[in-house]
Amino acid sequence: VLDGVKDVLDKTMEAFESKLNAAKEAADGVKQEADVHTASSIKLYSDLDDEIREVRVAKELCKDRAAAIVSLENQAKDCRNLLGASAKSSEASKAVRERFSE
């Protein structure tokens, strides 16, 4: 009888060891898959941070360009005003010269 109980216990232990080994293999597979996902996530976050930085730089460049455009528009306006004043002055000088020559 003891030999029979011993055989049953040995078979039960073998079955548990087999299940334990299968569970360990499954856990290792899950761990490897989790490691791959973790590495992918780290890469994605890094790429996302880089893209966010690039967007911020682009926004700053847009602001700088908008300010430069406003400055150029103001300069163009000042030039037009100066040319207009110069033309009026030139016309006035011409009129004075014409009156003087008469």
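**Concerning the overall build of the protein**
Then step 1. Within the protein, the secondary structure is distributed over one helix and zero strands.
Then step 2. Expected size for 102 residues packed as a compact globule is a radius of gyration near 13 Å; at 44 Å, the protein overshoots this value by more than 25%.
Then step 3. The principal-axis extents of the C-alpha atoms in the protein amount to approximately 150 × 10 × 10 Å.
Then step 4. Carbon together with sulfur atoms contributes 60% to the accessible area of the protein, which is approximately 9,500 Å² in total.
Then step 5. Across the protein, 17 positive and 21 negative side-chain charges occur, with their mean positions spaced 14 Å apart.

**Digging into a negative patch on the surface**
Then step 1. A contiguous patch of negative charge on the surface is contributed by D3, D7, D10, E14 and E17.
Then step 2. Relative to the helices and strands, E17 is located in helix α1 (residues 2-101).
Then step 3. Residue class for E17 comes out partly exposed when judged on its relative accessible area of 45%.

**What about the pattern of salt bridges?**
Then step 1. Evaluation of the coordinates by the stated rule reveals four salt bridges.
Then step 2. Between K63 and E60 there is a salt bridge, and its shortest N-O distance comes to 3.8 Å. Taken as a pair, K63 and E60 lie in helix α1 at a separation of three residues, close to a single helical turn.
Then step 3. Owing to a relative accessible area of 54%, K63 belongs among the exposed residues under this scheme.
Then step 4. By relative accessible area, E60 is classed as partly exposed at 43%.

How each quantity is defined
- Residues numbered from 1 in each chain as written.
- Predicted model: local features only at pLDDT ≥ 70, side-chain atom pairs only at ≥ 80, totals over all residues.
- Heavy atoms only, no water.
- Helix = DSSP H or I, 4+ residues; strand = E, 2+ residues; numbered from the N terminus.
- Rg over C-alpha atoms; globule rule 2.2 N^0.38 Å.
- Areas by Shrake-Rupley, 256 points an atom, 1.4 Å probe, with all protein chains shown as cover.
- Lys, Arg positive; Asp, Glu negative; His and termini not counted.
- Charge placed at Lys NZ, Arg CZ, Asp CG, Glu CD.
- Patch = residues over 30% accessible without salt bridge, like charges linked within 9 Å, V, L, I, M, F, W, Y side chains within 5 Å.
- Salt bridge = Lys/Arg side-chain N within 4 Å of Asp/Glu carboxyl O.
- Buried < 20%, exposed > 50% of the residue type's maximum accessible area, 1.4 Å probe, protein only.

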